[in-house]
Amino acid sequence: MEVTVFGTASGHRTHRSSFRVRATAGAVAAGMFLAVGCASSDEGPGEAAGGVPVVEKGKLTTCTHLPYPPFQFEQGGKVVGFDVALVDLVAKNLKVEQKILDTPFENFKTGAFLNSGECDLAAAGMTITDERKKNVDFSVPYFDATQALLATKKSGVTTLADVKSKKKKLGAQAETTGESYAKAQGFDPVAFESSDAVLNGLRTGQVDAVVIDYPVVQGWLKDKANAAEFALGQNIETGEQYGFSVKKGNDKLRAAIDKAIEDARADGTYDKLYKQWIGPLPKGQS
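Summarised in this report is the structure supplied together with it. (Residues numbered from 1 in each chain as written. Predicted model: local features only at pLDDT ≥ 70, side-chain atom pairs only at ≥ 80, totals over all residues. Heavy atoms only, no water.)

## Comments concerning the overall build of the chain
So, step 1. A count of helical and extended segments in the chain gives 12 helices and 16 strands.
So, step 2. Taking all 286 residues of the chain together, the buried fraction comes to 50%. (Helix = DSSP H or I, 4+ residues; strand = E, 2+ residues; numbered from the N terminus. Buried < 20%, exposed > 50% of the residue type's maximum accessible area, 1.4 Å probe, protein only.)

## Let's talk about the nonpolar core
In summary, soluble globular proteins display a tendency toward joint burial of nonpolar side chains.
So, step 1. Leu-60, Phe-82, Leu-94, Phe-143 and Phe-244 are the most contacted members of the largest nonpolar core, which has 49 residues in total.
So, step 2. Apart from the residues within four sequence positions on either side, Phe-82 is in contact with Pro-70, Phe-71, Tyr-142, Phe-143, Tyr-270, Leu-273, Tyr-274, Trp-277 and Ile-278.
So, step 3. Counting 12 residues, the second-largest nonpolar core is a separate cluster that includes Cys-63, Phe-105, Ala-122 and Ala-124. (Core = buried A, V, L, I, M, F, W, Y, C linked by side-chain atoms within 4.5 Å. Contact = heavy atoms within 4.5 Å.)

## Considerations on the sheet that holds strand S12 (residues 170–173)
So, step 1. Strand order in the open sheet made by the 5 strands is S13-S12-S14-S11-S15, with mixed pairing throughout. The open sheet has two edge strands, strand S13 (190–192) and strand S15 (230–242), and neither has a second partner. For this sheet, the mean angle separating the axes of adjacent strands, direction not counted, is 25°.
So, step 2. Pairing between strand S11 (residues 143–152) and strand S14 (residues 209–213): 5 bridges, direction antiparallel. (Pairing = 2+ DSSP bridges. Axes fitted to C-alpha atoms, helices over the stretch in contact; angles between N-to-C directions.)

## A word on helix H12 (residues 269–277)
So, step 1. Among the residues of H12, Tyr-270, Asp-271, Leu-273, Tyr-274 and Trp-277 are the ones counted as buried. Buried residues along H12 cover an arc of 165° about the axis, so they all sit on one side. Turned more than 90 degrees off the buried face of H12, the exposed positions are Lys-272 and Lys-275.
So, step 2. If you follow the buried residues of H12, they end up packed against strand S6 (73–75), strand S7 (78–80), helix H2 (82–93), S11 and helix H11 (251–267).
So, step 3. Positive phi shows up at Gly-279, right after H12, with a value of about 140°. (Arc of directions from axis to C-beta.)

## Thoughts on the environment of Lys-92
So, step 1. You can see Lys-92 is positioned in helix H2.
So, step 2. We classify Lys-92 as exposed; its relative accessible area is 66%.
So, step 3. C-alpha of Lys-92 to C-alpha of Ala-49: the two residues are 43 residues apart in sequence and 9.7 Å apart in space.

## Some remarks on the packing of aromatic side chains
So, step 1. Applying the stated criterion to the full structure yields 16 aromatic pairs.
So, step 2. Geometrically, the ring pair formed by Phe-71 and Phe-82 is edge-to-face, given 6.2 Å between the ring centres and 70° between the ring planes. Of this pair, Phe-71 sits in the loop between strand S5 (59–64) and S6 while Phe-82 sits in helix H2, and the two are 11 residues apart along the sequence. Summarising the burial analysis for this pair, Phe-71 and Phe-82 share the class buried.
So, step 3. Taking 6.3 Å as the distance between ring centres and 65° as the angle between the ring planes, the aromatic pair formed by Phe-82 and Phe-143 counts as edge-to-face. Placement of Phe-82 in helix H2 and of Phe-143 in strand S11 is noted, with a sequence separation of 61 residues between them.
So, step 4. Ring pairs connect the aromatic residues Tyr-68, Phe-71, Phe-82, Tyr-142, Phe-143, Tyr-242, Phe-244, Tyr-270 and Tyr-274, which therefore count as one cluster.
So, step 5. Over the face of the ring belonging to Phe-187 we find Lys-164, whose NZ or CZ atom lies 4.9 Å from the ring centre. (Phe/Tyr/Trp six-rings, centres within 6.5 Å; stacked < 30°, edge-to-face > 60°. Lys NZ or Arg CZ within 6 Å of the ring centre and 35° of its normal.)

## Comments concerning helix H8 (residues 195–203)
So, step 1. Along H8, the residues that are buried comprise Ser-195, Val-198, Leu-199, Gly-201 and Leu-202. Here the buried residues of H8 occupy an arc of 155° about the axis, which is enough to place them on one side.
So, step 2. Contacts made by the buried residues of H8 are with S11, S12, S13, S14, helix H9 (214–220) and S15.
So, step 3. Count one or two residues on from H8 and you reach Gly-205, which has phi positive near 85°.

Scope: geometric values only; no functional claims are made or implied.
This is the structure:
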């Protein structure tokens, strides 16, 4: 018997092979509910506006991996963030509600939950790569990402060269481009399950520095206590871009996602959401 938690623009992220259940009083108050055992007669595949197929009638089911602020994280019993807000735009156009499931990050590379029909799309701050394109189809890019080095101030580390010369421990999130980049530079980073685990590993002294997505660092250092103990080191330009993924051949949904992103960029909604969840727009972007 499998238990899943779902609702409108809310849901939950883990490293296990099944979905994680984390229902709190706040989450239930926000309209979430538990489904145990067999599905009700109202559940099952359906069609959204424009003939877009969905795995559950009336829902746009999104697989993600929590937490990954500012893209998706829990706040007040609901899952919110930049990715969530963008996918909500897609759901609105399709006249359905977004339902979020927390799933292992490694499955996004293989498209496992898309292929099994458990999710319509994956939204997890996921970098578009040629390797991943072999298994899933990506939307147009919706975010230009860079990696960053974050270190304890007492380590004296500001660059990856410092990490190597001072023989410090480096960490990264498992199965991410940050981990891949570190390995390509000759490191054997300590792998952590999630971005939260990476930062906690840094905070508790398991590692001296980490390679992680810059927006995550940007948000984390807004906390004065964090800023007092940790410092942003080199910015690592990798040319990465994030995209939402769908099952290979699901052209109708991919087109609907592309349209929502492009419309949001054109009418100013994208900029508004960027400022709300991430911060000031990059230089040269209006």
